[in-house]
Amino acid sequence: MKVRAADFLEYDKENQVYRVSPEQAVRDDVEKHYWRHVGVTILKDWRLYLMLVPMLLVFLFWRYLSMYELLGCFKVSDSVVPVSQQLFSGFSYFKRLLVGGDTLSTEFWRALRNTFILSFYGLCFGFPIPIILALFFNEIRSNAARSVYQVLTYLPKFMSTVVMTSLVTMLVKQGSLTTGMGIISQAMESLGLISHEVANAGLLNNPSFFRSIYQISGIWESAGYDSIVFFAAIIAISPTSYEAAQIDGADKMAQMRYVVLPSILSTIVIMLITRIGSLLNIGYEKVLLLYNTNTYVTADVVSTFANRQSGMAGAGASAGTGIAAAAEMMNNVIGMLLVIGANTIARKASNTSLY
Amino acid sequence: MKRKLEISELIFKIISYTLLTVFALCCLYPFVYAVSASVSGRSAVEYGSIVLFPKDVQFDAFARMFSDNMFWNAYSNTLFLTLYGTLWSMLTAILGAYALSKRRLLFRKFFNFFLVFTMWFSAGIVPQYLNYIATRKVFNAAGIMDDKWLVVIAMGMAAMNIILLRNAFEGVPSEIEEAAIVDGASEFQVLSKVYIPMSKSTIATVALFFAISRWNGYFWARQMISNQNEHPLQVFIRLRLEQYTDPEVIAGWNETFAADSVIYALIVCSIVPILIIYPFIQKYFAKGVNVGGVKE
């Protein structure tokens, strides 16, 4: 943009000189005394800024101050002295976790791998199933029947994590001398999928079943609810699109490919970004409630590892809050890079972005 | 040609109905089983002979639970946390979202980033735990000895919900607000008489999200509430599950009903209130996900 003199000067005819226009004078003043103007604006509009205060305080105290506690990963951990006064220890905790060579470092790598595997499986199975469900819902023409199906599939979403994991625990529980095993273990045994010994020992005590139980219970819990957003995108497609495709001789698969898929692609992309964004932020609550010492091999994730090492879980030996904070720091930084990365790719590829 | 089309559609329809029916029944089955197991006789539950319908019906497990004072205590604690927690979260979220929705707000971009950053990067549970411990000390020093208030005030805020509210407020036409200001409405009146009534359904959705996360809250309540009498229902259920699946407890069990029945009864009791209000909240629940698109 070209700057012209007339933008900020005006001609004084009487004295035949150029002067700074009044508007520009105000602009200059604002520039010179920026913070005074900010103060005046806020004071004049104090009600609006007062409304902002409670929210900012909540986030400051319980989100940002927690992040400040995270700096404990660079300090010598000490349960008495606050983070600000702890001695600086550099990257020693990170070194210990990454290349320590002892059991702690092995456990950390195991936890990191488990975190990736659990969330990657969640993405592979948990993401497409709601889309398929939404396609199926679309086939049901009668509204009443569809409502029944939808209500039934949303139902598990209304349970809390505790109730859901309690049910799962009970359904696959171990047998003992006086009591039988859980009904699902029984069913799997009678179908010949697992042997009696395995079923009787309790599936949740067996590391090779943890991932399947985690994923299947996740699908059971939220597939129906997650399908809502895709279903909303599918019913928004105009019927004329299908008719046009049919006239062109498209069968069902071709309609899916050329009508439905392009129409819901932006929804899929947005949901995928959200999903990738929370990839490493997997539900530690659910893992904590489902795992036990027998299944650490496949079940231990970074959050639960940090939880144990920090000593907040109570029992067992702990390596200190510094180690725990270092583990979470790495997890969270990778998580954040994933969100930003996914968002950037989506913005470039389809002009759809979440943030 | 036409025939081929119809066949492919028919096949797809059949597959849809079959798989949906199977999936819906799978979703429903655990609940039916829980109800059956909670009212079945001891031997039927312990030998695992119940498949769908109850056997040797008894209601002693329910009676046992209803006569437990801790159960009612836990229920009232959960109601307390849900009610006050939702009110507090809604208050801060509505006020904050309203201010953020105003274009004239200075440093608007910064404040938005301040919120959104917490969605990208969370401190993790250990730093949060240390933070809550520090908060608890401050609260105790200020004379608030009840850990319940710590849970109500410090936890359960979500940036996503504030952004949903902000987007709804941004959608309110500015002409209506201007008309209210001309009529002499103050800032708070504009919010309470114009903005809140005009975005009722988003507010209901967000309130529902807050209420659900409060009702379901388990981990932090268990970590931070030290007094057993203040435990909410979720913590109570988990502690009972740990107790009644303990081999020693089972070995010494001499009641007319199975230990498992008590757990199933507890599960049923925690789901029933939600099932009762489900028809009323369902439309907001379904709406919530559709307004989920975030824009900067």
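Residues numbered from 1 in each chain as written. Chains lettered and ligands numbered in written order. Predicted model: local features only at pLDDT ≥ 70, side-chain atom pairs only at ≥ 80, totals over all residues.

Student: An account of the overall build of chain A is requested, with residue identities and associated values reported.
Tutor: In terms of regular secondary structure, chain A is built from 18 helices and 2 strands. The C-alpha radius of gyration computed for chain A amounts to 29 Å, which surpasses the reference 20 Å derived for 355 residues by more than 25%, pointing to a less compact arrangement than a globule. For the C-alpha atoms alone, the extent of chain A along its principal axes is close to 110 × 75 × 40 Å. Every one of the 355 residues in chain A was classed for burial, and the buried ones make up 37%. Counting contacts in chain A only where the partners sit at least 6 residues apart, residues at least 24 apart contribute 61% of the total. (Helix = DSSP H or I, 4+ residues; strand = E, 2+ residues; numbered from the N terminus. Rg over C-alpha atoms; globule rule 2.2 N^0.38 Å. Buried ≥ 20, exposed ≤ 12 C-beta atoms within 10 Å, placed from the backbone. Contact = placed C-beta atoms within 7 Å.)

Student: Describe in detail the overall build of chain B, supporting the description with residues and values.
Tutor: Helix and strand content of chain B: 15 helices and 0 strands. Computed over its C-alpha atoms, the radius of gyration of chain B comes to 25 Å, more than 25% above the 19 Å expected for a compact globule of 296 residues. The burial tally for chain B puts 38% of its 296 residues in the buried class.

Student: Any chance you could break down the pairing of strand β2 (residues 17-20) of chain A for me, citing the residues and the numbers?
Tutor: All names here are of chain A. Pairing geometry for strand β1 (residues 9-12) and β2, over 4 bridges, is antiparallel. By the bridge assignment for β2, Y11 is matched with Y18. Turn length for the β1-β2 hairpin, with the two strands adjacent in sequence and antiparallel, is 4 residues, and the turn residue Q16 shows positive phi of about 55°. (Pairing = 2+ DSSP bridges.)

Student: Hey, could you go over the interface of chain A and chain B for me, with residue numbers and the actual values?
Tutor: Contacts between the two partners involve 74 residues from chain A and, on the opposite side, 78 residues from chain B. Ranked by residues supplied to the side of chain A that touches chain B, first place goes to helix α4 (residues 46-70) of chain A with 15 residues.

Student: So what's going on with the environment of L130 of chain B? Residues and values would help.
Tutor: Considering the arrangement of structural elements, one finds L130 of chain B in helix α6 (residues 125-141). For L130 of chain B, a count of 25 C-beta atoms within 10 Å translates into the label buried. Distance in space between the C-alpha atoms of L130 of chain B and Q58 of chain B is 47 Å, their sequence separation being 72 residues. Every residue in contact with L130 of chain B, bar those within four places of it in the chain, is listed here: E69 and T321 of chain A.

Student: Any chance you could break down the domain arrangement of chain A for me, citing the residues and the numbers?
Tutor: Assigned domains of chain A: these are domain 1 (5-74) and domain 2 (92-350). Computed from C-alpha atoms alone, the centre-to-centre distance between domain 1 of chain A and domain 2 of chain A is 46 Å. (Domains from an automatic or database assignment.)

Student: Let's hear about the confidence of the model for chain A: which residues, and what values?
Tutor: Of all residues in chain A, 95% attain a pLDDT of 70 or more, and the chain-wide mean is 84. The secondary-structure element of chain A with the lowest mean pLDDT is helix α1 (residues 5-8) of chain A, recorded at 72, while α4 of chain A shows the highest, at 92. (pLDDT = per-residue confidence, 0-100.)

Student: Quick rundown of the packing of helix α7 (residues 128-139) of chain A against helix α12 (residues 207-235) of chain A? Include the residues and the values.
Tutor: Residue and element names in this part refer to chain A. Between α7 and α12, the least distance of the axes is 7 Å, while the angle of their chain directions is 55°. Viewed along their axes, α7 and α12 adopt a mutual orientation that is oblique. For the crossing formed where α7 meets α12, the hand is right-handed. On α12, the residues that touch I129, P130, I131, L133, A134, L135, F137 and N138 of α7 are I219, A223, G224, D226, S227, F230, F231, I234 and I235. Looking at side-chain class alone, the contact of α7 with α12 contains 13 nonpolar, 3 polar and 1 charged residues. (Axes fitted to C-alpha atoms, helices over the stretch in contact; angles between N-to-C directions. Parallel < 35°, antiparallel > 145°, perpendicular 65-115°, else oblique. Left-handed = near helix turned anticlockwise from the far one by under 90°. Nonpolar A, V, L, I, M, F, W, Y, C, P; charged D, E, K, R; others polar.)

Student: Just give me the short version of α6 of chain B, but keep the residues and values in it.
Tutor: Given 3.6 residues per helical turn, the α-helix brings residues three or four places apart onto the same face. Residue and element names in this part refer to chain B. Helix length check: α6, at 17 residues, gives a terminal C-alpha distance of 24 Å against a target of 24 Å (1.5 Å per residue), a fit within 8%. For α6, the complete set of buried residues consists of I125, V126, P127, Q128, Y129, L130, N131 and Y132. Just downstream of α6, G143 is the residue with a positive phi angle, here 95°. (Expected span 1.5 Å × (residues − 1).)

Student: Give a detailed account of the nonpolar core, specifying residues and quantitative values.
Tutor: Judged by nonpolar contacts, the single largest core of 147 residues is most densely connected at I213 and A327 of chain A together with Y98, L165 and I267 of chain B. When residues of this core are assigned to their parent elements, the largest contribution, 13 residues, is made by α12 of chain A. Summarising the domain contributions, this core has at least three residues from each of domain 1 (5-74) and domain 2 (92-350) of chain A. Residues in contact with Y98 of chain B, not counting those within four places in the same chain, are M51 of chain A together with F169, L191 and Y195 of chain B. (Core = buried A, V, L, I, M, F, W, Y, C linked by C-beta atoms within 7 Å.)

Student: Break down the packing of α6 of chain B against helix α7 (residues 147-154) of chain B for me, citing the residues and quoting the values.
Tutor: Residue and element names in this part refer to chain B. For the pair α6 and α7, interaxial distance at closest approach is 10 Å and the crossing angle is 120°. Here α7 runs oblique to α6, going by the angle between their axes. Both α6 and α7 take part in a crossing whose hand is right-handed. Contact with α6, carried on its side by Y132, T135, R136 and F139, involves D147, W149, L150 and A154 of α7 and no other residues of that element. Classifying every residue of the contact of α6 with α7 gives 5 nonpolar, 1 polar and 2 charged.

Student: Before we move on, can you summarise unusual backbone geometry with the specific residues and values?
Tutor: Positive phi outside glycine occurs at Q16 of chain A, with the angle close to 55°. Structurally, Q16 of chain A is set in the loop between β1 and β2. C-beta crowding within 10 Å serves as the criterion here: with 7 such atoms nearby, Q16 of chain A is assigned to the exposed category. With a phi close to 45°, D56 of chain B is a non-glycine residue in the positive phi region. With respect to the helices and strands, the residue D56 of chain B is situated in the loop between α2 (42-46) and α3 (60-66). Look at D56 of chain B and you get partly exposed, because 14 C-beta atoms sit within 10 Å.

Student: Provide a residue-level description of the confidence of the model for chain B, including the pertinent values.
Tutor: All names here are of chain B. Per-chain confidence: chain B averages 87 in pLDDT, with 94% of residues scoring 70 or above. When the criterion is pLDDT under 50, residues 291-296 qualifies, and its contacts beyond four places in sequence or with other chains add up to 10 contacts. Two summary scores accompany this predicted model of the complex, namely pTM at 0.86 and ipTM at 0.87.

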